[in-house]
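The primary structure of each chain is shown beneath.
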Amino acid sequence: MKKIQMVDLNGQYQEIKEQVNTAIAEILETSAFINGPEVHAFQKELEDYLNVKHVIPCANGTDALQIAMMGLGLKPGDEVITADFTFAATVEVIALLQLTPVLVDVYPDTFNINVEAIEKAITPKTKAIVPVHLFGQCANMDAIMALAKKHNLYVIEDNAQAIGAKYYASDGTKYMAGGIGHVGATSFFPSKNLGCYGDGGAIFTNDDDLAHIIRGVVNHGMYERYHHDVVGVNSRLDAIQAAVLRAKLPRLNGYCESRRNAARAYSKAFEGQKHIITPKTVTHCEGICDICECHVFHQYTLRITNGRRDALVQYLNKNNIPCGVYYPIPLHRQKAYADERYKEEDFPVTNQLVTEVISLPMHTELDSEQINHITDMVIGFVNE
Ligand SMILES: *Cc1c(COP(=O)(O)O)cnc(C)c1O
């Protein structure tokens, strides 16, 4: 059996090696390292893939979130609602811009932000909602967009984990994740579903005016050379990263399918296990696609319900099966983001999930022998 890895970036590289190496060698010859034709071509290709009017590449996913908020003109003191159960980058940029983060609980089956909790948290100061499409599937965007419309709020999608996921709105419109809200942000960190070989990110929007503002913000607030109209940042994508992304983008749907196949094999093996809850895919595409494309499994995350999650992590690690706990501490309990406004009883689901979740190896190169071995080991241990 091949050595099991949490993510396998080398397997993918071997398939695109020639194309990537040639493209990088050309960039070295032309010395157009930042922005330039390669980045522009990638931008156009991603706009087509996501069916959004504007993609603005930037330096990483955290910047993408920050720039989206700057572009919307959010001001210190504005409240921004996001999920308690996510990677810290989301809340970090809210706090960094001196906006007020308002964390709310998530659903136990999809791990995504709880819409009733959002509604309860809305005040006259609320300006935006940041749903995180956690682990590879969209939050309940129908309900979130309706709520945003009712209360006149912006929706910024954190799509760092769900690029390539589809979303079928209740009115029948088919969206790609990240293209549903007023603005979307993603990351091309190497281990993400569409990863480059360094840092990278992008912002998406269908709003021409917002796209114009953001193009200036990413480049020191310049719309005309050496005229700085707004306070901006320096956040750009390297041509070398764009070349890697251009090689991978045409393969992204295939990568997503490989991940879904691995997830299906996992879930089938865990069927009927009384101490294991498998992740739920919300198949809002029912009857539209043959095989659900609503989940791209950035992570395959189980809940271990008999109190043995931590012991299982140790057992798997000891047996050379890597695994991860995403996320072990709720954001409302992190020192940097703790706030008097939060009460433990407002986060029953997140508080439980942090003790139960475990993410198994998930990438495009997993084979059935490896999956069988992993599931046998997990099942054997939790039933001991
Ligand atoms: C990875 C990630 C980010 C940040 O992306 P970087 O490119 O690492 O800055 C933001 N939000 C979520 C949910 C992520 O998973």
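What this report covers is the structure whose coordinates are included nearby. (Residues numbered from 1 in each chain as written. Predicted model: local features only at pLDDT ≥ 70, side-chain atom pairs only at ≥ 80, totals over all residues. Heavy atoms only, no water.)

So, the site of the ligand
Next, step 1: Lining the immediate surroundings of the ligand are 13 residues, of which G61, T62, D158, S187 and K192 lie closest.
Next, step 2: In the model, an oxygen atom of the ligand is placed 2.8 Å from a nitrogen or oxygen of the G61 main chain.
Next, step 3: Between the ligand and the protein, one listed contact pairs an oxygen atom with a side-chain N or O atom of T62 at 2.5 Å.
Next, step 4: Considering the ligand on its own, with 390 Å² of exposed area, one finds that the protein chains cover 91% of that surface.
Next, step 5: Elements that contribute at least two residues to the shell around the ligand include exactly α3 (61–71) and α4 (89–96).
Next, step 6: Broken down by class, the residue content of the shell around the ligand amounts to four nonpolar, seven polar and two charged. (Near = heavy atom within 4 Å. Polar contact = N/O pair within 3.5 Å; in protein donor to acceptor, adjacent residues only side chain to side chain. Areas by Shrake-Rupley, 256 points an atom, 1.4 Å probe, with all protein chains shown as cover. Helix = DSSP H or I, 4+ residues; strand = E, 2+ residues; numbered from the N terminus. Nonpolar A, V, L, I, M, F, W, Y, C, P; charged D, E, K, R; others polar.)

Some thoughts on the pairing of strand β9 (residues 201–205)
Next, step 1: Taken across its five residues, β9 has five buried, putting it largely inside the fold.
Next, step 2: Covered by surrounding structure in β9 are G201, I203 and T205 together with A202 and F204, the residues of both alternating faces.
Next, step 3: Sheet analysis places strand β1 (residues 54–58) next to β9, joined by five bridges and oriented antiparallel. By the bridge assignment for β9, I56 is matched with I203.
Next, step 4: Summarising the sheet, strand β8 (residues 183–187) and β9 pair through four bridges and their orientation is antiparallel. Across the sheet, G184 pairs through a bridge with F204, a residue of β9. (Buried < 20%, exposed > 50% of the residue type's maximum accessible area, 1.4 Å probe, protein only. Pairing = 2+ DSSP bridges.)

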